[in-house]
Amino acid sequence: MSDRFDQDELIRSDIHAFLAQHEAKELLRFVAVGSVDDGKSTLIGRILHDAKGVYEDQLADASQTDEGGEVAIDFARITDGLQAEREQGITIDVAYRYFSTPKRKFIIADTPGHVQYTRNMATGASTANVAVILIDARPTHGVLTQSRRHSYIASLVGIPHLLVAVNKMDLVDYDQARYDEICADFLSFGQDLGFKTITFIPISALMGTNIVHASPKTPWYDGETVIEFLENVPISGDRNLDDFRYPVQYVLRPNLNYRGFSAQIASGVVRVGDELTVLPNGQSSRVAGIDTYEGEIEQAVAPLSVTIRLEDEIDVSRGDMLVPTDNQPHVGRTIDAMVVWMSEEPLDINKSYQIKHTTRYLRANIDEIAWKVDLETLEQVPADELKLNDIARVRLTTHRQLVFDAYKRNRTTGAFIIIDTLTNNTVAAGMIAEPTDGMEESEFATTHTGVSPNERKRLMGSAGSVVWLTGLMGSGRRALGFELERQLFDDEIAAAVIVPEHYDDPAMSSLLTNPETCAAAARRMADAGLVCICVVDAHAAADRARAAEIVGDERFFEVHVSTPVEVCAARKSDDEAVRLAAASFEDPSADVLAIDLTDGDDETAAKNLMRALRAAKVIPTR
Amino acid sequence: MTAGAKLDQNTITHLKALEAESIHIFREVAAEFDNPVMLYSIGKDSSVMLRLALKAFHPAPLPFPMLHVDTTFKFREMYDFRRDVAEQPGINLLVHINPEAVDRGINPFEHGSQAHTNMFKTQGLLQALKAGQYDAAFGGARREEEKSRAKERIYSFRDRYQQWDPKNQRPELWSVYNSRVKDGESIRVFPLSNWTELDIWQYVYLEDIPVVPLYFAKERPVVERKGALIMVDDDRMPLTSPDEPTMEMVRFRTLGCYPLSGAVRSSAKNVPEIIQEMMLTRESERKDRLIDFDEEGSMEKKKQEGYF
């Protein structure tokens, strides 16, 4: 145990001095990454233990007395997780741990290795100031694909400082050459990742080398220890204090004389008298007062939660953003972003999602996947789908104006989550890119459907289709169509019949008589999940082929109502018209189902047709 | 420095950062849920949580009620303290006692800590949340408090049976919280997630927040049960002989039902002395709670059943 952290003496002798010191501490959040084999749990356990972030009764759980009576602490057990995990021998989720030293208070986001790595790491890293990456110094290990992946994710979520802890130095005899080799290996790709600082420290978590104290085992190393680094890395400069951003959370109206807008300042500083603009609506006013529970203050700085009053009665509500009139963020409906997909359910490009950005929910469509990251090579590769743990560059359209900054500039106004509207799960995290020239703003947010075929199928129970009844007038097509609709409905399959002559509007009626137009209309209905039954003259084989093409062959089912022309003519007063039509009728090919309705038993015919539709999988089998 | 000194306005100390985060959480929930409620346990964490909530909506009153799920076995001083809190302007403090547990005369002496806690706290809580149709409930739990809480989300999702499934929690990034729930589903919200016991006490000290006097050392009548010092707070406590209780200088690190809360021998009479004692002993505060030791992972189990 180290005296470096030991504040016991101060606590014992002068508790008020200790309290004053503790009160002044800054908060640093860091994420620790690496697999179990890299010694991450041992490092965290060691830090918590040395910083007395572990209670003694918890420590007892992690200690074992061996045969010689020596008490050995299993540092990794200190960070043990939930019973459910212990039983399964896996770590599911990000765990948060706390300790403090005389200089700072720390929150560790402890992210598990292997399973669902990307998702967990992105979660734990999203708020971190520092990422600590462990690399196993042994010759068989070193800088692995995994180290590159971890570093990339750390840079993606905007962590400014990276600490590379080269661990297990005891197993390579504290060899400086091996350490230098690893540092060089790492820098060969790491320096392009955009970190503000990258720091290397040779350590042994197990032995406590260079964790708290500089170790005599590494005389060649004269840098900071892990704790010194965490205590001293300058983080106050990482806060964006230039761009005041104030996403309104809550409007306070305790009485008619008071109207205050409450929020946590996302970035920047605000002073009484500052001119602010409300986005997206664009009205401006000045800050009349900044209120807190303790009273009015003259200025406030990120990340404080305050309440602002404005001089003028302008319209401000939750979801609006107050910004300086002379320093405004981007406003638009099309954004490019990096997303980390976090759901077992893959991205469905045809459907609308909800996004939550600052204090607003917006409907959004992901229009395009530009590329995704191959996590083995960190190269950009083409992609037409996003699955769990994929990282990709996408373009989104939101249905209303989004007020944002690039994530690189602002980790609050540049971040959003994507929510599945059906399950309400958070399925992805997004980081907005700087808008590029030539990014076209679409006129209407959603120019195409936000409901995907899969979603419709889930609601309707089946995908839609088109049943095309062809034949002569008088053949009994129409009766068959409506009988089929009834039987489908009785089977809980939604259906509709298009008979052009049934429309009261003659323009509509004449439009639908055209087989091509009718097919286009039927296609929409099939898209919506209905079985659309078309009773329309399409005597030319070419017309029917065209209709099949419009609808899509796989869901187009043609039926030839083959009642002989004599029977048809006998049923109609204008028998000459029937004969004329018959002359121009091109018989469908032999593989098209033919139904002869001479007997007029459309109920049996519809039953047979149902069977055929099931066999052809046009409608679901029971 | 004196107690009650206000934190400086422009430096962002860790307590300022934690305070700002907690206030943000209160406002998000109040804005996005139809019917939130704040669970109130009368303890120090509840006192801090209440102060933070008041700060979040100042100068307006709290936009949601507070709810105490009572077990009828709290310390008398806790009931006094609760009465004083309820009398503050702008506070609506509701109390629920499981009527079934009262009818059956459930008590920790005859029925054991598990049955008592399950009937009054877990079942009582579920009843009250259901009756109030609350879609969000604030709780004062902290991640540092107990192993099974280290991975708890700030918005902890509960299904329509109010159950917590550790494998089915939503990822939580930045301070962007997903508040979408379906009818009957709800969340538990933990605004104090990132606070430690030291932070709580330091905040109590700096902000001069009232806490139940039981936290401070005083001569109190105690008996020893299962290795713990139990205060004899009323005549429901079974004694081996009328003169069994001894007067000892003790205080409590956590407050619950008096028969289930172990006292520690202490001379700490004010907050700095409490912090001093706490920092020099370093035993987790839950150690004194008898309910945690029933079986392996017991807190995790209680959580799955709906306990906080």
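For the structure itself, look to the data block above.
Residues numbered from 1 in each chain as written. Chains lettered and ligands numbered in written order. Predicted model: local features only at pLDDT ≥ 70, side-chain atom pairs only at ≥ 80, totals over all residues. Heavy atoms only, no water.

Some words on the overall build of chain B
Along the backbone of chain B there are eight helices and ten strands. In chain B, 73% of the contacts between residues at least 6 apart in sequence involve partners at least 24 apart. When the accessible surface of chain B is summed, it comes to about 11,300 Å², and 48% of that surface belongs to carbon and sulfur atoms. (Helix = DSSP H or I, 4+ residues; strand = E, 2+ residues; numbered from the N terminus. Contact = heavy atoms within 4.5 Å. Areas by Shrake-Rupley, 256 points an atom, 1.4 Å probe, with all protein chains shown as cover.)

Details of a nonpolar patch on the surface
The grouping of Val95, Ile97 and Val102 of chain B at the surface amounts to a nonpolar patch, some 210 Å² of accessible area in total. Looking at where Val95 of chain B falls in the secondary structure, it is placed in strand β3 (residues 93–97). (Patch = residues over 30% accessible without salt bridge, like charges linked within 9 Å, V, L, I, M, F, W, Y side chains within 5 Å. Salt bridge = Lys/Arg side-chain N within 4 Å of Asp/Glu carboxyl O.)

Observations concerning the packing of aromatic side chains
When we look at a pair of aromatic rings, we describe it by the centre distance and by the angle of the planes. Residue and element names in this part refer to chain B. According to the stated counting rule, one finds 24 aromatic pairs over all chains in the structure shown. For the pair Phe26 and Phe64, a centre-to-centre distance of 6.2 Å together with 15 degrees between the ring planes defines the contact as stacked. Linking Phe26 in helix α1 (residues 14–32) with Phe64 in the loop between α2 (44–57) and β2 (66–70), this pair joins segments that are 38 residues apart in sequence. With relative accessibility at 4%, the residue Phe64 sits in the buried group. (Phe/Tyr/Trp six-rings, centres within 6.5 Å; stacked < 30°, edge-to-face > 60°. Buried < 20%, exposed > 50% of the residue type's maximum accessible area, 1.4 Å probe, protein only.)

Some details on the pairing of strand β28 (residues 531–535) of chain A
The side chains of a regular strand alternate, residue by residue, between the two faces of the sheet. Residues and elements named next belong to chain A. When you tally the buried positions in β28, you get five out of five residues, the bulk of the element. As judged from the five bridges shared by strand β26 (residues 465–471) and β28, these two strands associate in the parallel manner. Bridge pairing in β28 places Ser465 opposite Val531. Where strand β27 (residues 495–498) meets β28, four bridges bridge the pair, whose relative direction is parallel. The partner of Val497 across the bridge, within β28, is Ile533. (Pairing = 2+ DSSP bridges.)

Concerning the pattern of salt bridges
Oppositely charged side chains are able to pair whenever their charged atoms sit close together. Per the stated rule, a full pass over the model turns up 55 salt bridges over all chains. The salt bridge partner of Arg395 of chain A is Asp336 of chain A, with a shortest N-O separation of 2.7 Å. Remark: Asp336 of chain A occurs in strand β19 (residues 330–341) and Arg395 of chain A occurs in strand β23 (residues 391–404); sequence separation between them is 59 residues. Residue classification places Arg395 of chain A among the partly exposed positions, given a relative accessible area of 24%. Lys356 of chain A is the salt-bridge partner of Glu32 of chain B, the closest N and O atoms lying 3.2 Å from each other. Taken together, the positions of Glu32 of chain B in helix α1 and Lys356 of chain A in strand β20 (residues 352–357) put the pair across two chains. Residue class for Glu32 of chain B comes out buried when judged on its relative accessible area of 18%. Bridged by salt links that share partners, the residues Glu294 of chain A together with Lys16, Glu19, Arg51, Lys55 and Glu207 of chain B form one connected network.

Describing unusual backbone geometry
The step from Leu279 of chain A to Pro280 of chain A runs through a cis peptide bond, and the omega angle for that step is 10 degrees. The residue Pro280 of chain A is located in the loop between β13 (275–279) and β14 (284–292) in this model. The omega angle of the peptide bond from His58 of chain B to Pro59 of chain B is 5 degrees, so this bond is cis rather than trans. On the secondary structure map, Pro59 of chain B appears in the loop between α2 and β2. Phi is positive for Gln162 of chain B, close to 65 degrees, though the residue is something other than glycine. What makes Gln162 of chain B buried here is its relative accessible area of 11%. The phi angle at Asp208 of chain B is positive, at roughly 55 degrees, despite the residue not being glycine. Mapped onto the elements, Asp208 of chain B comes out in the loop between α6 (197–207) and β7 (218–225). Given the relative accessible area of 52%, Asp208 of chain B is considered exposed.

Digging into helix α5 (residues 108–132) of chain B
One turn of an α-helix holds 3.6 residues; hence residues three or four places apart share an orientation. Residues and elements named next belong to chain B. Between its first and last C-alpha atoms α5 spans 27 Å; for 25 residues at 1.5 Å apiece the expected length is 36 Å, and the helix comes up short by more than 12%. Along α5, the sharpest change in direction is near 75 degrees and occurs at Gln114. By the burial criterion, the buried members of α5 are Pro108, Ser113, His116, Thr117, Met119, Phe120, Thr122, Gly124, Leu125, Leu126, Ala128 and Leu129. Taking the backbone nitrogen of Phe109 as reference, a side-chain oxygen 2.9 Å away marks Asn107 as the first, capping residue of α5. Among the residues trailing α5, Gln133 stands out with phi positive, at a value near 50 degrees. (Expected span 1.5 Å × (residues − 1). Bend = angle between axes of the 7 residues up to and from the residue. Polar contact = N/O pair within 3.5 Å; in protein donor to acceptor, adjacent residues only side chain to side chain.)

Some remarks on the packing of α6 of chain B against helix α7 (residues 271–281) of chain B
Geometry of a packed helix pair, given as the angle between the helix axes and the separation of the axes. All names here are of chain B. In the contact formed by α6 and α7, the axes pass within 9 Å of each other and the chain directions differ by 165 degrees. One way to sum up the angle between α6 and α7 is to call them roughly antiparallel. Considering the relative orientation of α6 and α7, their crossing is left-handed. Residues Glu197, Leu198, Trp201, Gln202, Val204 and Tyr205 of α6 form the contact with α7, whose own contacting residues are Val271, Pro272, Ile274, Ile275, Met278 and Met279. (Axes fitted to C-alpha atoms, helices over the stretch in contact; angles between N-to-C directions. Parallel < 35°, antiparallel > 145°, perpendicular 65-115°, else oblique. Left-handed = near helix turned anticlockwise from the far one by under 90°.)

A short note on the interface of chain B and chain A
Listed as interface residues are 77 residues of chain B and, on the opposing side, 86 residues of chain A. Around 7,500 Å² of area is buried between chain B and chain A when both sides are counted, 56% of it from carbon and sulfur atoms. Taken together, chain B and chain A are joined by seven salt bridges. The interface formed by chain B and chain A includes 33 residue pairs in polar contact (both at pLDDT 80 or more). (Buried area = accessible area lost by both parts, 1.4 Å probe.)

Some thoughts on the sheet that holds β2 of chain B
Residue and element names in this part refer to chain B. Pairing in this open sheet of six strands is mixed, and the strands run β3-β2-β1-β4-β6-β5 from one edge to the other. The open sheet is flanked by β3 and β5 (155–158), the only strands paired with a single partner. Strand-to-strand twist across the sheet, computed as the mean angle between neighbouring axes with direction ignored, equals 30 degrees. Here strand β1 (residues 36–39) runs beside β2; their pairing, made up of two bridges, is parallel. Residue pairing in the sheet places Leu39 in a bridge with Leu67 of β2. Sitting on the sheet, α2 is in contact with β1, β2 and β4 (136–138), with an inclination near 145 degrees to β1.

As for the packing of α2 of chain B against α6 of chain B
Residue and element names in this part refer to chain B. Between α2 and α6, whose axes approach to 10 Å, the crossing angle comes to 60 degrees. Regarding the angle of α2 to α6, the classification is oblique. In the packing of α2 onto α6, the handedness of the crossing is left-handed. For the pair α2 and α6, the contacting residues are Lys44, Asp45, Val48, Arg51, Leu52 and Lys55 in the first and Glu197, Ile200, Trp201, Tyr203, Val204 and Glu207 in the second. Considering only residue class, the contact of α2 with α6 consists of six nonpolar, no polar and six charged. (Nonpolar A, V, L, I, M, F, W, Y, C, P; charged D, E, K, R; others polar.)

Quick notes on the environment of Glu296 of chain A
Residues and elements named next belong to chain A. Checked against the element boundaries, Glu296 lands in strand β15 (residues 295–297). As for Glu296 and Ile308, which are separated by twelve residues in sequence, their C-alpha atoms are 9.8 Å apart. For Glu296, the residues in contact, after removing those within four places along its chain, are Gly289, Ile290, Asp291 and Arg309. At a separation of 3.3 Å, a polar atom in the side chain of Glu296 contacts the side chain of Arg309.

Quick word on the side chain of Lys25 of chain A
Assignment of secondary structure puts Lys25 of chain A in the loop between α2 (15–23) and β1 (26–33). It turns out Lys25 of chain A is buried and unbridged, and the closest side chain with the opposite charge, Asp199 of chain B, is 8.0 Å from it. Separated by 3.0 Å, the side chain of Lys25 of chain A and the backbone oxygen of Thr101 of chain A make a polar contact. When residues no more than four places from it in sequence are discounted, the contact partners of Lys25 of chain A are Gln7, Ser100, Thr101, Pro102, Lys103, Arg104 and Lys105 of chain A together with Thr13 and His14 of chain B. (Lys, Arg positive; Asp, Glu negative; His and termini not counted.)

Any link to function would need more than the numbers given here.
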